[in-house]
Structures are given as C-alpha cells and as structure tokens.
Amino acid sequence: AGGLVTGGSSGINAEYGGPLVGFLKKMASAPLYYTVNKYVNCNELRYGTLVGTDSKGNEYYENNDYMFPRNRWVQFKEPNWFILKSDASDIPPEWHAWMHHMSDDTPVTKPPADRKFHMEHRPNMTPVFKERYTPSTTTKPKIQSWSPPQPKSA
C-alpha cells in the first residue's frame, strides 16, 4: 500500500527525530494527494504502518513512536476537502475496538465472531436531512394550548 502514511518505523529513537526522519522518507515517495488529504483530515502529517482496510476502503494505521492515545488513526477513503463527508461514525464496530485500544488484535488478525443479531454497520445519518431520525409520538398531549376568546362582532 503506497502513500504518505504507509511504512514502518525508521528504527531511530523517537526522541532523536524518528518520526521526522520516517515522515521525510515517506514524503519522498508519496503522491501529493495523500499529503494534502492527510493534512486536511488530521491537521497534521503522520506516517505509520498500514494494519488493515475495512469494507468501505478506510485505511487503519499504527505507529508506536507516537504517544499512546495517538498512535492509531484512520485515513478515510472520502477526503474531507470542504464539506465533512466522513466522521467517527464511519468506523465499523470491529475497528472501533482496535482504534480505542480495547483490543490489540485487528479484525484482520482476529476476525470478530459472526452473530445472528449483528446488523450491517450504518453511519450516523443526522447530517443528511432526508435520512435523519425524526421522533414522533402516538400519545395525546398532556396540556392543551390556550386560545384567547374571540371578540364578538355586533
């Protein structure tokens, strides 16, 4: 898998510029698209090892040279140029556990058990006006709205 954020550790200790050296090595072979897309998505440039891809084409990376909670990230297939087309709900549940350090096993190395009650993952549709959830009620209102009496015309 090519691109700016692919590849492994440079072998240099992180405190002596390991991430910077590794990033510069990857930038030399990366298309400009990956660099711009990564900066727009994360507001920073990273490099790491590709650990897997989900069914939607999102790529998941890890680099343990970065501090613990920020050493795993996702590169969404849909770039966020001007309108946010992807958000955290685009991450399927099997990858969510790995992203949030609930498991060290990726769905690639240890696929989740198939259960009858599992449904296909669907992202949050709140931003999409036609598909958003609109609550409705079947109960009567508990209060009646007041209508002022109308003046009688003579």
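Summary of the structure given here. Just so we're clear, the structure is a prediction, and the values are computed from it rather than from any experiment.

With that settled, consider the packing of aromatic side chains. The full count for this structure, using the stated rule, is four aromatic pairs. Look at Tyr 61 and Trp 73: their rings are 6.0 Å apart centre to centre, the planes differ by 20 degrees, and that puts the pair in the stacked class. Within this pair, whereas Tyr 61 is found in strand E2 (residues 59-62), its partner Trp 73 is found in strand E3 (residues 72-75), the two being separated by twelve residues in sequence. For the residue pair Tyr 61 and Trp 73, the accessibility class agrees, reading buried in each case. Taking the centre distance of 5.7 Å and the plane angle of 90 degrees together, the rings of Trp 95 and Trp 98 count as edge-to-face. Of this pair, Trp 95 and Trp 98 both sit in helix H3 (residues 93-99), three residues apart, which is roughly one turn of that helix. Three or more aromatic residues joined by ring pairs make a cluster, and in this case those are Tyr 60, Trp 95 and Trp 98.

Let us look at unusual backbone geometry. Positive phi, close to 60 degrees, is recorded for His 101, a residue that is not glycine. Take His 101: it is sitting in the segment after H3. What makes His 101 partly exposed here is its relative accessible area of 22%.

What follows covers the nonpolar core. The biggest cluster of nonpolar side chains holds seven residues, and these are Tyr 60, Val 74, Phe 76, Ile 91, Trp 95, Trp 98 and Met 99. A per-element tally of this core places H3 first, with three residues. In this structure, Ile 91 is in contact with Tyr 60, Val 74, Phe 76, His 96, Met 99 and His 121, ignoring residues within four places of it in sequence.

Next up on the list: the sheet that holds E2. Judged by pairing direction, the sheet is antiparallel, and its three strands sit side by side in the order E1-E2-E3 without closing on themselves. The sheet terminates laterally at strand E1 (49-53) and E3, the two strands that pair on one side only. Along the sheet, successive strands turn relative to each other by an average axial angle of 30 degrees, direction set aside. As paired strands, E1 and E2 are joined by four bridges and run antiparallel to one another. Note on E2: the bridge partner recorded for Thr 49 is Glu 62.

Right, let's get into the pattern of salt bridges. Scanning the entire structure with this criterion turns up two salt bridges. With a shortest N-O distance of 3.1 Å, Glu 62 and Arg 72 are connected by a salt bridge. Pair noted here: Glu 62 is in strand E2 and Arg 72 is in strand E3, with a separation of ten residues, a long-range link. Both residues of the pair, Glu 62 and Arg 72, count as buried. Taking the shortest distance from any N to any O, the salt bridge between Arg 72 and Asp 104 comes out at 3.0 Å. With Arg 72 in strand E3 and Asp 104 in the segment after H3, the pair connects residues that are 32 residues apart, well separated along the chain. Arg 72 gets classed as buried once you look at its relative accessible area, which sits at 8%. Ionic contacts of the salt-bridge type, sharing partners, join the residues Glu 62, Arg 72 and Asp 104 into one network.

Calculation criteria
- Residues numbered from 1 in each chain as written.
- Predicted model: local features only at pLDDT ≥ 70, side-chain atom pairs only at ≥ 80, totals over all residues.
- Heavy atoms only, no water.
- Phe/Tyr/Trp six-rings, centres within 6.5 Å; stacked < 30°, edge-to-face > 60°.
- Helix = DSSP H or I, 4+ residues; strand = E, 2+ residues; numbered from the N terminus.
- Buried < 20%, exposed > 50% of the residue type's maximum accessible area, 1.4 Å probe, protein only.
- Core = buried A, V, L, I, M, F, W, Y, C linked by side-chain atoms within 4.5 Å.
- Contact = heavy atoms within 4.5 Å.
- Pairing = 2+ DSSP bridges.
- Axes fitted to C-alpha atoms, helices over the stretch in contact; angles between N-to-C directions.
- Salt bridge = Lys/Arg side-chain N within 4 Å of Asp/Glu carboxyl O.

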